[in-house]
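Listed below are the residues making up each chain.
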Amino acid sequence: MSEGDRSSCDARAAAPLPPLTGAARVSAHRLPVNSYTALALLMWTAALAGSLTWNLHRQRSAMHDLVLHTARAYFDKDLVYRRWGARHGGVYVPIAPNTPPNPHLSGLPDRDLTTTTGKQLTLMNPAYMVRQAYEIAAETPGVQGHLTSLRPLRPENRPDDWERSALERLARGEEQFDSIESFRGEPHLRFIRRFLVEESCLKCHASQGYRLGDVRGGISVSLPLAPFLVIQRRQTWPLAAAHGGIWLLGAAAIVTAGRRFGQWLREREGEEQERRSLEQQLHHAQRIDSVGRLTGGIAHDLNNLLSPILGFSSIVLEELPPEDPHRSDVVEIHQAAQRARELTHRLLAFSRKQELKAEPLDLARVAEGMRKMLLAMLGEDVELIVEPPGTAPPVLADRAQLELVLLNLAINARDAMPRGGTLRIAAREEWLDERSGALELPPGRYAALVLSDTGTGMDEQTLDRVFEPFFTTKSLGKGTGLGLPTVHGIVKQHGGAIEVKSALGRGTAVRLLFPATDGTAGRSLPATDDRLPRGSETVLVVEDDPAVNRFVCKVLADLGYQVVEACDPNDALRYAEPGAPRLDALVSDVIMPHLTGPELATRLAGARPGLAVLFISGNPRDELRPDSIGPANAPLWKPFTRGELARAIRRAIDSTRAPAVEG
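First things first, this report covers the structure right here in the doc.

### A look at the pairing of strand E6 (residues 186-196)
Alignment of strand E5 (residues 176-183) against E6, held across eight bridges, turns out to be antiparallel. Considered in E6, the bridge of Ser182 is made with Pro187. Count of turn residues in the E5/E6 antiparallel hairpin: two residues, of which Arg184 carries a positive phi of about 55°. In this sheet, strand E7 (residues 215-224) lies alongside E6 in antiparallel orientation, the contact comprising nine bridges. Paired with Arg193 across the strands is Ile219, a residue of E7.

Right under this line is the structure:
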C-alpha cells in the first residue's frame, strides 16, 4: 500500500527522514526477524503437538480394539464349549456335594444313571458346566467369566451392578456391551454379549417358559488391562521421543534460518548507511515488499501444516463423546489451530494476498487493537489518542481492510507532522437524513470513524484532488498517489463514504461513515455443523501434500463420495484417457509439480465434459490469475475445516448437477 498522499501534498511537506545509524538499523529489524522466528517455532510446536496428540489417540483406540477383540475371543471360546455340551444333551458327572442331581432336570427320564460298576452319575446341563468352569478359573488371576441372567435359577448366577445394567441393555435389543471398569481393584475391560435360546436349550429350559430365540441372559468377560497398559507404555515413549527429535531438528532449522536472515539484513544495512535519503526510502520499500513475500510464503507453509491439524481435530471432536476425558485436550488443539488460522489470514491480509470476509465489528475496538502497531509507526514525537468505545454501532466490514485504512491514514498524519503532534481516533454514532446528500448515502444509522491530526493541513486546490489516483506533490520516492484513492475504494466497497476537511496550518480531519448493522460485534469459534451436505459422486483428489491429501480423502469418503487419489498431475491424467473410469468432480491443489491445478482441470475437462472442479490452495491470491481458474472455481483457502470442505465440494458439484439432499 502506498504511503500517505494527503497532508504531505502541501508544498511545506516534511523533509526526508535523517539517515539511521548502524545500531538503529540493526535494532529496527531484529524484532521482526525474531518475531517471525518465534512465530515459526510456535507453529512448528503446535504442529508436532497436534501430531503427537493424534497419534496417541489412535494408539489408544488401537489398544482398545485389541483388548475388545481378545475379550470377544474368550467369549466365543466359552460359547463354543457350551454349544458342544448342548448338542450332546449335556455331560454325566459323578454325584457329589458340588454336583448333586439338578432338580430343574427332574423331568428328564435319563437324568440319573448307574454304571455297570455301580457308580452313580447325574446329568449336568451345559450352562451348569460353564459356570463350574468359571468358578475354577476364578481361583487364579487372569480373565474371568461369569454366566448371568436377570432371572437366575442359582445364586451363583446373580448379576453384579454392572452386569445388571448391561443385561437390561441387552434385553432392550443390544447384542453386546463393553466398558472399562474397576474390577477386583484393578482396571478391566468388561464385556458381555447376549445368548439366545436355541433348539438344544429347550430340552432343559422349556419348563421355565423360555421359547426359541428368547434372550436367556449373557456371558460376561472381565479382561485385566495391566498387560496391555504395559505394552501401550512401551509404544508411547518411542513415539514421544520421535516427535521430540523431529521437533528439535525443525526448531534448529528455523532458528538457523532466522539467524541467517537477520545476518543478511544486517549486511544490507551496512551497505546502505552512506546512501542518500532517496535511496534509503527506495530500499526501505524493497524490504517491505520482501517481508510481504516472506509473510506470504510463511503463511502458505503454515496453512499446509494447519490444514490436517484443524481438520483431523474437528473429526476427533465429532467422534469423542462429551464425557471423554481427552475431549478438552482436543478442544484446546482445535482452538489453537483456529487462532493460528486467523493469524495466517492477517499475515496475508497485511501483504494484500488474501480475500477476506466481512463480519460485525466495533470500529473503536479495531482502532484500539492497532494501537501498538500505530505507535511504532508514528514515532515517539507523535501522541496517539484512541478514544474508548462508546455508542458507535457495529458495522459489517472486513477487519483487515479497516486496519489497512487506519494504517494508511496514520501514515498520512505522521508525514503531515514532521515536528510531532497529536493524532486522535474516535468512533461515534451518526444519523443521516435527506439533507446529507453530499455524502451520497441513503438516510439512516451509521457508524463514524474520525481521525484528526494537528499537522500542516492542505489548501483547497489540493483538497479537491486528494482522491485522484497518482496525484501527489511529494518528491520522487516519497509517494505514489495511491494512498487516499485506495482508502476511498475500500470505504466505498463497504457501502460507506469518506469526508476530508483540512486547512493550512490547522490540521486535517478524515471522517469515515459505514452503514450500521444489527449484528453483535465480536468473534467466536464456529460451531460444529451436524448437517453437512453429502454425496455419492466419484471425486478425484490431486494434492501433493500427504497430510492434506489424507484429510481431504477421509472427509470426502466419510461424506459418502467415491474417492480416487492421484499423487501428482501426471498420475491424474490417466483419467483423461479413453475407457477410464467415470469422474464427477476434481479436487486439486493449484500449485503442483509438472502441471498447475487449472492446467490439469482444463485437460481433464476436455475428456470429461461437465466435470465439477474445486481448487484448494494456500498460495497468496495474487499468484492465481482469475482467467486461469474461472469465476465458478474460486479456490478453497487452506487451512479449511471439514464443514468448509463439505460445503465447497457440494457447491462445485451442484453448479453442474441437481442439488444434493443434506443429511
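### Focus on helix H17 (residues 642-654)
Residue pairs three or four apart in sequence face the same way in an α-helix, which turns once every 3.6 residues. With 13 residues, H17 should reach 18 Å at 1.5 Å per residue; the first-to-last C-alpha distance of 18 Å fits that figure. Among the residues of H17, those classed as buried are Arg642, Gly643, Leu645, Ala646, Ala648, Ile649, Arg650, Ala652 and Ile653.

### Brief notes about helix H9 (residues 371-378)
Taken together, the buried positions of H9 are Leu374, Met377 and Leu378. One side of H9 carries all its buried residues, which in axial view fall inside an arc of 95°. Within H9, the exposed residues directed more than 90 degrees away from the buried face are Lys372 and Ala376. Contact partners of the buried residues in H9: strand E9 (382-386), helix H10 (399-415) and strand E11 (421-432). Where H9 ends, the next residue or the one after it, Gly379, has phi of about 95°, a positive value.

### Re the environment of Asn570
Among the secondary structure elements, Asn570 is positioned in helix H14 (residues 569-572). On the basis of relative accessibility, which here comes to 43%, the residue Asn570 falls in the partly exposed class. Through-space distance from the C-alpha of Asn570 to that of Leu595 is 7.7 Å; in sequence the pair is 25 residues apart.

### Things to note about the sheet that holds strand E18 (residues 612-617)
Spatially, the five strands line up as an open sheet ordered E16-E15-E17-E18-E19, and their pairing is parallel. Two strands in the sheet have a free side with no partner beyond their single neighbour: strand E16 (562-566) and strand E19 (636-637). Pairing analysis gives five bridges linking strand E17 (residues 585-589) to E18, with the strands arranged parallel. Following the sheet pairing, Ala585 is matched in E18 by Ala612. Along the sheet face, helix H13 (residues 546-558) touches strand E15 (538-542), E16, E17 and E18 and points at about 165° away from the line of E16. Across the face of the sheet, H17 comes into contact with E15, E17, E18 and E19 while running at roughly 145° to E18.

### Comments concerning the nonpolar core
By size, the foremost hydrophobic cluster in this structure holds 41 residues, and its most contacted members are Leu423, Ile425 and Leu512. For this core, the leading source of residues is H10, giving eight residues. Filtering out sequence-adjacent residues up to four positions away, Leu423 remains in contact with Leu378, Val382, Glu383, Leu384, Ile385, Ala410, Ala413, Met417, Leu451, Ser452 and Asp453. The next biggest cluster of nonpolar side chains, apart from the first, holds 26 residues, and it includes Tyr561, Ala612, Leu614 and Ala646.

### As for the packing of H9 against H10
In a packed pair of helices, the relevant descriptors are the angle between the two axes and the axis-to-axis distance. H10 packs onto H9 with a crossing angle of 30° between their chain directions and a minimal axis gap of 10 Å. One way to sum up the angle between H9 and H10 is to call them roughly parallel. Viewed along their axes, H9 and H10 form a crossing whose handedness is right-handed. In contact with Met373, Leu374, Met377 and Leu378 of H9, H10 contributes Leu406, Leu407, Ala410, Ile411 and Arg414. Counted by class, the contact of H9 with H10 contains eight nonpolar, no polar and one charged residues.

### Considerations on unusual backbone geometry
Residues apart from glycine generally show negative phi values, whereas peptide bonds are mostly found in trans. Pro639 follows Lys638 through a cis peptide bond whose omega is -10°. Looking at the element boundaries, Pro639 is found in the loop between E19 and H17. With phi around 55°, Arg184 is a residue other than glycine that occupies positive phi space. Secondary-structure assignment places Arg184 in the loop between E5 and E6. Positioned with a positive phi, His594 is a non-glycine residue whose angle comes to about 75°. Tracing the sequence through the fold places His594 in the loop between E17 and helix H15 (597-607).

Conventions and cut-offs
Sequence positions are assigned chain by chain, starting from 1 and proceeding in written order. Only residues with pLDDT of 70 or above have their local features reported here, since the model is predicted, and side-chain atom pairs are shown and tallied only from 80 upward, although totals for entire chains, interfaces and linings are computed over all residues. Side-chain descriptors were evaluated using all non-hydrogen atoms of the structure, hydrogens and water having been removed beforehand. By this definition, two strands are paired if DSSP reports at least two bridges between them. To qualify as a helix, a DSSP run of H or I must reach at least 4 residues; to qualify as a strand, a run of E must reach at least 2; elements of each kind are numbered from the N terminus. Working rule for helices: expected span equals 1.5 Å times residues minus one. Partly exposed residues are those whose accessible area sits between 20% and 50% of the maximum for their type, while under 20% is buried and over 50% is exposed, using a 1.4 Å probe and protein chains only. Here the arc refers to the set of directions running from the helix axis out to each C-beta atom. Any two residues having at least one pair of non-hydrogen atoms within 4.5 Å are treated as being in contact. Only the contacting stretch of a helix is used when fitting its axis, a line to C-alpha atoms as for every element, and angles between N-to-C directions run 0 to 180 degrees. We call a set of buried Ala, Val, Leu, Ile, Met, Phe, Trp, Tyr and Cys residues a nonpolar core when their side-chain atoms join them within 4.5 Å. With respect to orientation, any angle under 35 degrees is reported as roughly parallel, any angle over 145 as roughly antiparallel, any angle of 65 to 115 as roughly perpendicular, and every other angle as oblique. Each helix crossing is assigned a hand: it is left-handed if the near helix lies turned anticlockwise from the far helix by less than a right angle, otherwise right-handed if that turn is clockwise. Any residue outside Ala, Val, Leu, Ile, Met, Phe, Trp, Tyr, Cys, Pro, Asp, Glu, Lys and Arg is labelled polar, Gly included; the first ten of those are nonpolar and the last four are charged.

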